[in-house]
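So you can see what is in the structure, the chains are spelled out below.
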Amino acid sequence: MNGSRIAAVGHYQPAKVLTNEDLAGLVDTSDEWIRSRVGIRTRHIAGPDEPVDELAAHAAAKALAAAGLGPGDIDLVLVATSTAVDRSPNMAARVAARLGIPSPAAMDVNVVCAGFTHALATADHAVRAGASARALVVGADKMSDVTDWSDRTTCVLVGDGAGAAVVEAADQPLIGPVLWGSVPEMGHAVRIEGTPARFAQEGQSVYRWATTQLPPIARKACERAGLAPEELAAVVLHQANLRIIEPLAEKIGAVNAVVARDVTESGNTSAASIPLALSKLVEQGAISTGDPVLLFGFGGNLSYAGQVVRCP
């Protein structure tokens, strides 16, 4: 085995749906204002008794079931999140405990909105190096916990959820080489900081960076996988804002690809957004087994990571 693949995916969202009309009762906003600026219609919000590891475990259990595997088949658990409340036990250990996974390596990855693609690359590297036989990779965030619900510039954006993937060895590389990096001097543009921790961002700076600096980076991720953008069957970008997703997808040049637009119904779920959107495309039959899909995360820390994967 000299490669790895995504064997299966799964996702989970809390039952509570918060509409734009609901938000208009909390802050000075409207459905038209929100749709025209970020393209979001609804978002799912977890309750106080639904911690991040519970969201993550639900998504992970679905991915395991889809792969036809049990807890004992996993030896590495990676959870991408930036909304963990406690320092220890970490989210990965808590997810492993919820699922009954025996003695896995368990690590959290905090690269905010690019967390899942970083964690996926880490799992790919571990499997190809022989350090792991099968890895469970989860992106999960409860953004409602770090949101100021009186700030209309941020509260209209966020949602809660989780997505997961099972990564295992393959006889060829079906997870392409990662292209990752960051702009640390601009890390202040997206923040979750303070006591209590609160999400804040410099929206215009992020928009300009994402739509001007990221397209050539995403195209280079395709090059590393040996594909031209027009050969992609789907593009799953971090679901930040429809006004970022659509121009970024267009500038990448993936003219024949399905573009994930789950942000319209889920909002910005940070590290959960890419696996959540990918799992929905698979569930809907919008993409087929073996299709090349570009995953590209970006945002917090002004970090980015992308790779082309083959659809499970």
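Structure first, text after, so check above.
Criteria and cut-off values
- Residues numbered from 1 in each chain as written.
- Predicted model: local features only at pLDDT ≥ 70, side-chain atom pairs only at ≥ 80, totals over all residues.
- Heavy atoms only, no water.
- Pairing = 2+ DSSP bridges.
- Helix = DSSP H or I, 4+ residues; strand = E, 2+ residues; numbered from the N terminus.
- Axes fitted to C-alpha atoms, helices over the stretch in contact; angles between N-to-C directions.
- Contact = heavy atoms within 4.5 Å.
- Salt bridge = Lys/Arg side-chain N within 4 Å of Asp/Glu carboxyl O.
- Buried < 20%, exposed > 50% of the residue type's maximum accessible area, 1.4 Å probe, protein only.
- Core = buried A, V, L, I, M, F, W, Y, C linked by side-chain atoms within 4.5 Å.

Visitor: I'd like a rundown of the sheet that holds strand β5 (residues 105-109), residues and numbers included.
Guide: An order of β1-β7-β6-β4-β5 is seen for the 5 strands of this open sheet, with the pairing classed as mixed. Two strands lie at the open edges of the sheet, namely β1 (3-12) and β5, each paired on one side alone. On average, each strand axis in the sheet is tilted by 20° relative to the strand beside it, whichever way the strands run. Bridge analysis of β1 against strand β7 (residues 160-170) gives 9 bridges, and the strand direction is antiparallel. Bridged to G10 within β7 is A164. Strands in contact with helix α3 (residues 52-67) are β1, β6 (134-142) and β7; relative to β1, the strand with the most contacts, it is inclined by about 125°.

Visitor: Explain the pattern of salt bridges to me, using residue names and the numbers behind them.
Guide: Scanning the entire structure with this criterion turns up 12 salt bridges. Note that E168 is salt-bridged to R134, the shortest N-O span being 2.8 Å. Placement of the pair is E168 in strand β7 and R134 in strand β6, with a sequence separation of 34 residues. R134 sits in the partly exposed class, given a relative accessible area of 26%. A salt bridge links R191 to E202, with the nearest nitrogen and oxygen atoms 3.9 Å apart. Of this pair, R191 sits in strand β9 (residues 190-193) while E202 sits in the loop between β10 (198-201) and α7 (203-212), placing them 11 residues apart in sequence. Salt bridges linked by common partners bring R5, R134 and E168 together as one network.

Visitor: I'd like a description of unusual backbone geometry, backed by residues and values.
Guide: With omega at 0°, the peptide bond leading from S88 into P89 counts as cis. Structurally, P89 can be placed in the loop between β4 (76-80) and α4 (91-99). The amide bond that connects T195 to the next residue, P196, takes the cis arrangement and shows omega of 0°. Not every positive phi belongs to a glycine, and V112 is a case in point at roughly 50°. Position of V112 relative to the elements: it lies in the loop between β5 and α5 (115-128). The exposure class of V112 is buried, given its relative accessible area of 12%.

Visitor: Lay out the nonpolar core with the relevant residues and their values.
Guide: Formed by 48 residues in total, the largest nonpolar core has its most connected members in W209, L214, L232, L237, L294, F296 and F298. Secondary structure elements with two or more residues in this core: α2 (31-38), α7, α8 (214-224), β11 (234-237), α9 (242-252), β13 (292-299) and β14 (303-310). With 6 residues, the top contributor of residues to this core is α9.

Keep in mind these numbers describe shape, not what the thing actually does.
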